[in-house]
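One letter stands for each residue in the lines below.
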Amino acid sequence: KRIDLVLNPQLETQLLHRWNQAMEALERFEPIQYIIGETEFYGLPFEVTPATLIPRPETEELVEWILKDAGLTSLSILDVGTGTGCIPITLAKQLPQAQVTSIDVSTEALAVATRNAQRNGVNVQFIPQSVLETEALETCFADQFFDVIVSNPPYVRHLEKEEIQPNVLKHEPHLALFVEDDDALLFYLHIGQFALNHLKKGGKLYFEINQYLGNETIALVESLGFQNIVLRKDLFGNDRMLRCER
């Protein structure tokens, strides 16, 4: 405390070395969430590591949208690309009757997500699986159907790197951030095709999207045959979320 320093300017503490490490990390633009090792999402604590993206407020808005649509209904939910597990864990916490499953290609991220589920006292099934491996994905979920499929996939194009702050560009996992400029909707296409086969009739697909590609994402899901498409802006006024129905 400040009063301790005033009374004893030469105060020594075991935390001094940790403090100096933290200050050096901040000078390297390392995100404070990685330095501390945790963050908060939708009022819940989440461990974060350099293997996972740091959850954003925009994603909280996506979760809020799903919860408002869900009401108190018992749902089967699939989350694609879990990272810290913030989306499926929050949904499982708020919808205790739901059956929640999540996949990610990163085993390191899945380990973090598993610990976060335990920390928050929820049951989420985590599966190591890439959504881009179509045959393996279909085998994994053969004869399974969901009420909700949700994803916050990689969507930042390399041409947008100049807009990215150094703390993100230098430290957060590029695997979870970037897509090729000429194939920016790659993940949306694969997830959409999978959702056509594994959403129940009337089931909903939710995406977090690239703010510059709202119309293109609408056109994609429309071409796949989804209906009742809704594009929603985030709290910053950017096109950020999309919902459609099978």
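Basis of the calculations
For every chain, the first residue of the written sequence is number 1, and numbering continues from 1 onward in sequence order. Since the coordinates come from a predicted model, pLDDT governs what is reported: local features require at least 70, and pairs of side-chain atoms require 80 or more to be given and counted, while whole-chain, interface and lining totals use all residues. Computation of side-chain values: all heavy atoms of the structure, hydrogens and water removed. Only when DSSP finds a minimum of two bridges between them are two strands counted as paired. Counting from the N terminus, the helices are the DSSP runs of H or I reaching at least four residues and the strands are the DSSP runs of E reaching at least two. Axis definition: a line fit to C-alpha positions, over the contact stretch in the case of helices; interaxial angles, taken between N-to-C directions, run 0 to 180 degrees. Throughout, a residue-residue contact means that at least one pair of heavy atoms, one from each residue, lies within 4.5 Å. Two rings from Phe, Tyr or Trp (for Trp, the six-membered ring) form a pair when their centres are within 6.5 Å of each other. A pair whose planes differ by under 30 degrees is stacked, one over 60 is edge-to-face, and the rest are tilted. Classification of residues uses two cut-offs on accessible area relative to the type maximum, computed with a 1.4 Å probe and protein chains only: under 20% is buried, over 50% is exposed, and between them is partly exposed. Here the expected length of a helix is defined as 1.5 Å per residue gap, with one fewer gap than residues.

**So, the sheet that holds strand S4 (residues 99-104)**
Then comes step 1: With mixed pairing, the 7 strands of this open sheet are ordered in space as S5-S4-S3-S6-S9-S11-S10. Single-partner strands in this sheet number two, and they are strand S5 (124-128) and strand S10 (227-233). Along the sheet, successive strands turn relative to each other by an average axial angle of 15°, direction set aside.
Then comes step 2: Judged from the 5 bridges that link them, S10 and strand S11 (residues 239-245) form a sheet pairing that is antiparallel. Counterpart to Gln227 in the pairing with S11 is Glu245.
Then comes step 3: Each of strand S3 (76-80), strand S6 (146-151) and strand S9 (199-208) is contacted by helix H9 (residues 186-198), which is oriented at about 160° to S9, the strand it contacts most.

**Side note on the pairing of strand S2 (residues 44-47)**
Then comes step 1: Alignment of strand S1 (residues 38-41) against S2, held across 4 bridges, turns out to be antiparallel. Directly across from Glu38, in S2, lies its bridge partner Glu47.
Then comes step 2: Counted between consecutive antiparallel strands, the loop separating S1 from S2 contains 2 residues, among which Tyr42 sits at a positive phi close to 55°.

**Considerations on the packing of aromatic side chains**
Then comes step 1: Within this structure, the stated rule accounts for 5 aromatic pairs.
Then comes step 2: Here the aromatic rings of Phe41 and Phe46 are separated by 6.1 Å at their centres, their planes lie at 90°, and the arrangement is edge-to-face. Assigned by exposure class, Phe41 and Phe46 land together as buried.
Then comes step 3: Seen in terms of ring centroids, Tyr188 and Phe207 are 4.8 Å apart; in terms of plane orientation they differ by 75°. Their pairing is edge-to-face.

**Topic: the side chain of His198**
Then comes step 1: The topology assignment puts His198 in helix H9.
Then comes step 2: With residues near it in sequence (within four places) discarded, His198 still touches Glu138, Phe141, Gln144, Phe145, Phe146 and Ile149.

**Here's the deal with helix H4 (residues 57-70)**
Then comes step 1: Spanning 14 residues, H4 covers 20 Å between terminal C-alpha atoms, matching the ideal 20 Å at 1.5 Å per step.
Then comes step 2: When we look at burial in H4, the residues that qualify are Glu58, Thr59, Leu62, Val63, Trp65, Ile66, Leu67 and Ala70.
Then comes step 3: Positioned one or two residues after H4, Gly71 has a phi angle of 65°, which is positive.

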